[in-house]
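Results of the structural survey
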Amino acid sequence: MLRVGLTGGIASGKSEAARRLVELGAVLVDADLLAREVVEPGSDGLAEIVEAFGPEMLTDDGALDRAALGALVFADPARRERLNSIVHPRVRARAAEIVAQAPTDAVVVQDIPLLVETGQAANFDTVIVVDAPDEVRIRRLGERNGLTEEQSRARMSAQASRAERLAAADYVIENTGSLAELRAAVDRLWHEVLVPAAGSGTVPAN
Ligand SMILES: CC(C)(COP(=O)(O)OP(=O)(O)OC[C@H]1O[C@@H](n2cnc3c(N)ncnc32)[C@H](O)[C@@H]1O)[C@@H](O)C(=O)NCCC(=O)NCCS
Ligand SMILES: Nc1ncnc2c1ncn2[C@@H]1O[C@H](COP(=O)(O)OP(=O)(O)OP(=O)(O)O)[C@@H](O)[C@H]1O
């Protein structure tokens, strides 16, 4: 098994890169998706969030009000830390279960937005960072999530700097061109690095 950590700042293009890796044959473990699963209605994760942040964090139908919680935690590092301490251990436990079930010859890609921030780089055979300038990410966040520039910057400043992230990278994918160019860059990495490394058990120096 080759264990690949995929990370990048918010809206850098991790999910698009991950989607392509799945098309090529990777097993994907998506931390954002798991972070949603562990706070589904009825979960103990959601109960802990309500205990910590109050019932006003629930929508009328009892689901997590993500916009309300996002407004709280991206404005306040202490609250964000509290939320992370509820969600992250549960995400890691679920991720470990999924990795344990993957075939032994699989390329397992873990898409983890906060891989660098949470000191997980050493857990992977190789770390891929998807990178794009702040202005490009702010534009994408406006288009995709309807976030204002101020909201986008609040989320970006809750994350590692570009330099910190790049320092942890074995490979960097610059995602400043088209989606077709991003996919082509992922294809190259898959064929030239990941598949050979999965076969030989070693990752070449970049
Ligand atoms: C605050 C929440 C409810 C906001 O939900 P929302 O639907 O608006 O955003 P979503 O979950 O889709 O996250 C979008 C992106 O925001 C960034 N982000 C999310 N949580 C965090 C965090 N705690 N710190 C820094 N960046 C974060 C990531 O880049 C992520 O990809 C949600 O992000 C959350 O529960 N966060 C805590 C869990 C977490 O750390 N998730 C990220 C990786 S496990
Ligand atoms: N090269 C590109 N050209 C055009 N649009 C792009 C490109 N790369 C990504 N996007 C778009 O930008 C948005 C953000 O990309 P994506 O969801 O892959 O980022 P992400 O890093 O997974 O974000 P998050 O941290 O929020 O999960 C998406 O709507 C995606 O389709």
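Remember, it's a predicted structure, so these values are computed and weren't measured experimentally. (Residues numbered from 1 in each chain as written. Chains lettered and ligands numbered in written order. Predicted model: local features only at pLDDT ≥ 70, side-chain atom pairs only at ≥ 80, totals over all residues. Heavy atoms only, no water.)

Frequently, the measure chosen for interface size is the accessible area removed from exposure when the parts meet. Domains assigned within the protein chain are domain 1 (1–26 + 106–206) and domain 2 (33–104). Measuring from the centre of the C-alpha atoms in domain 1 to the corresponding centre in domain 2 gives 22 Å. Each side of the interface is counted separately: domain 1 has 11 residues, and domain 2 has 9 residues. Note on domain 1 versus domain 2: buried area summed over both sides is about 900 Å², and carbon and sulfur give 61% of it. Across the contact surface, domain 1 and domain 2 share 0 salt bridges. Across the contact surface, domain 1 and domain 2 share 2 residue pairs in polar contact (both at pLDDT 80 or more). Elements with a contribution of two residues or more to the side of domain 1 that touches domain 2: strand S3 (107–111) and helix H7 (149–156). (Domains from an automatic or database assignment. Contact = heavy atoms within 4.5 Å. Buried area = accessible area lost by both parts, 1.4 Å probe. Salt bridge = Lys/Arg side-chain N within 4 Å of Asp/Glu carboxyl O. Polar contact = N/O pair within 3.5 Å; in protein donor to acceptor, adjacent residues only side chain to side chain. Helix = DSSP H or I, 4+ residues; strand = E, 2+ residues; numbered from the N terminus.)

Around ligand 2 there are 15 residues in total, and Lys 14, Ser 15, Glu 16, Arg 144 and Asn 175 lie nearest to it. Glu 16 places a side-chain nitrogen or oxygen 2.5 Å from an oxygen atom of ligand 2. The side chain of Arg 144 places a nitrogen or oxygen atom 2.6 Å from an oxygen atom of ligand 2. Protein contact buries 80% of the 630 Å² of open area that ligand 2 shows by itself. Listing elements by their share of the shell around ligand 2, those giving two or more residues are helix H1 (14–24) and helix H6 (134–145). (Near = heavy atom within 4 Å. Areas by Shrake-Rupley, 256 points an atom, 1.4 Å probe, with all protein chains shown as cover.)

This part covers the sheet that holds strand S1 (residues 2–8). What the 5 strands build is an open sheet, ordered S2-S3-S1-S4-S5; its pairing is parallel. Each having just a single partner strand, strand S2 (27–30) and strand S5 (171–174) make up the two edges of the open sheet. Across the sheet, the mean angle from the axis of one strand to that of its neighbour is 20°, orientation sign disregarded. Along the sheet, helix H9 (residues 179–200) makes contact with S1, S3, strand S4 (126–131) and S5, crossing S5 at roughly 165°. (Pairing = 2+ DSSP bridges. Axes fitted to C-alpha atoms, helices over the stretch in contact; angles between N-to-C directions.)

Here we take up empty space enclosed by the protein. Scanning the entire structure with this criterion turns up 1 cavity of 30 Å³ or more. The space that makes up the largest cavity amounts to roughly 40 Å³. Lining the largest cavity, in full, are Gly 8, Gly 9, Ser 12, Val 129, Val 130, Asp 131, Ala 132, Arg 137, Arg 162 and Arg 165. Mapped by element, the contributors of at least two residues to the lining of the largest cavity are S4 and helix H8 (162–167). Counting residues per element, the lining of the largest cavity draws most heavily on S4, which supplies 3 residues. Counted by class, the lining of the largest cavity contains 3 nonpolar, 3 polar and 4 charged residues. (1 Å grid on protein atoms, 1.4 Å probe; cavity = no way out; pocket = protein on both sides within 12 Å on 5 of 7 lines; lining within 4 Å. Points joined across faces, edges and corners; volume = space filled by probe spheres on them. Nonpolar A, V, L, I, M, F, W, Y, C, P; charged D, E, K, R; others polar.)

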